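Examining the three-dimensional arrangement
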Amino acid sequence: MNDAVMLSVYPADKIILTCDKCGMHVQYDKAAMLEAGGDRGLPDLRLEIARRKGCTKVGSIYAYDTCRITYANILPEKNAYQQAKGG
């Protein structure tokens, strides 16, 4: 069973991805992406986009040298440390 968060539940109309490592910045229309490729898991989708945009770090075996593309217009959930600190 796949527990990935899907594109259909993305909380914005525009999908914005950025990479602080290489400076990549891309934006897509959520409805157009759903129509063109169907519903997909967000973790795999971000890496697919990076790969198609020419990122050579996708799939790197070196932990310090991996692709760092992230969804820029959704806030990450607080991690356990932040919650414990009251942040």
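Before reading further, recall that the structure is shown in the block above.
Residues numbered from 1 in each chain as written. Predicted model: local features only at pLDDT ≥ 70, side-chain atom pairs only at ≥ 80, totals over all residues. Heavy atoms only, no water.

What about the overall build of the chain?
Across its full length, the chain carries three helices and three strands. Along its sequence from the N terminus, the chain presents helices and strands in the succession β-β-α-α-β-α. Relative to its 87 residues, the chain shows a buried fraction of 24%. Counting contacts in the chain only where the partners sit at least 6 residues apart, residues at least 24 apart contribute 55% of the total. As displayed, the chain offers around 6300 Å² of accessible surface, 53% of which is attributable to carbon and sulfur atoms. (Helix = DSSP H or I, 4+ residues; strand = E, 2+ residues; numbered from the N terminus. Buried < 20%, exposed > 50% of the residue type's maximum accessible area, 1.4 Å probe, protein only. Contact = heavy atoms within 4.5 Å. Areas by Shrake-Rupley, 256 points an atom, 1.4 Å probe, with all protein chains shown as cover.)

A short note on helix α2 (residues 42–52)
Each α-helix winds once per 3.6 residues, and so residues spaced three or four apart point in a common direction. What α2 keeps buried is the set L42, L45, I49 and A50. Viewed end-on, α2 has its buried residues packed into an arc of 135 degrees, placing them on one side of the element. Buried-residue contacts for α2 involve β1 (14–19), β2 (25–29), α1 (30–37) and β3 (69–71). (Arc of directions from axis to C-beta.)

A word on the nonpolar core
If you look at the biggest cluster of nonpolar residues, it comprises 18 residues, and the most contacted ones within it are L7, Y10, I15, L17, L45, I69 and Y71. For this core, the elements supplying multiple residues, two or more each, are β1, α2 and β3. Discounting chain neighbours no more than four positions away, the residues touching L7 are I15, K30, M33, L34, G38, D39, R40, L42 and L45. (Core = buried A, V, L, I, M, F, W, Y, C linked by side-chain atoms within 4.5 Å.)

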